[in-house]
Amino acid sequence: MARDSRRDRVIVACNAQPGSVDDYPFGGEVAVFKVAGKMFAPVALGPPPRSVSLKCDPDLAVTLRGQYAAITAGYHLNKRHWNTVTARRLRTRR
């Protein structure tokens, strides 16, 4: 598997969302995907570890954080509504 293939798959999935457009309001290190002008997924493009932040139902967000070590509260985002997923294996917590 190519080194950036996970990130590339995330970008392809974001672009596949109906009405999705990408923007770079924070410079070339973060691709920000929006639908109807609303951000739904900022994707870190810089050096590893790479990550994507995703808007999420608040109750589900907490559940996912408790279940997967790679999922944390949204980095520089409203932690109630956003989760950040770091590009590493999504192992369940023990």
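The coordinates are above.
Keep in mind that this is a model prediction, so the values were computed, not measured. (Residues numbered from 1 in each chain as written. Predicted model: local features only at pLDDT ≥ 70, side-chain atom pairs only at ≥ 80, totals over all residues. Heavy atoms only, no water.)

A. Region of interest: the pattern of salt bridges. Under the counting rule described, the total for this entry stands at two salt bridges. The partner of Asp 8 in a salt bridge is Arg 7, and the shortest N-O contact between them spans 3.3 Å. Between Asp 23 and Lys 34 there is a salt bridge, with the nearest N and O atoms lying 3.4 Å from each other. Of this pair, Asp 23 sits in strand 1 (residues 20-23) while Lys 34 sits in strand 2 (residues 30-35), and the two are eleven residues apart along the sequence. We classify Asp 23 as partly exposed; its relative accessible area is 32%. (Salt bridge = Lys/Arg side-chain N within 4 Å of Asp/Glu carboxyl O. Helix = DSSP H or I, 4+ residues; strand = E, 2+ residues; numbered from the N terminus. Buried < 20%, exposed > 50% of the residue type's maximum accessible area, 1.4 Å probe, protein only.)

B. A look at the environment of Lys 79. Following the sequence through the fold, Lys 79 ends up in the loop between strand 5 (71-73) and strand 6 (82-86). It is 9.5 Å that separates the C-alpha atoms of Lys 79 and Val 62, two residues lying 17 residues apart in sequence. With sequence-adjacent residues up to four places away left out, Lys 79 is seen in contact with Arg 65, Ala 73 and Gly 74. A distance of 2.7 Å separates a polar atom in the side chain of Lys 79 from the backbone oxygen of Gly 74. (Contact = heavy atoms within 4.5 Å. Polar contact = N/O pair within 3.5 Å; in protein donor to acceptor, adjacent residues only side chain to side chain.)

C. Region of the structure containing the side chain of Arg 65. Tracing the backbone through its elements, the reader meets Arg 65 in helix 2 (residues 58-67). Of the buried charged residues, Arg 65 lacks a salt bridge, with Asp 59 as the closest side chain of opposite charge at 9.7 Å. Of the polar contacts made by the side chain of Arg 65, one reaches the side chain of Asn 83; its length is 2.5 Å. (Lys, Arg positive; Asp, Glu negative; His and termini not counted.)

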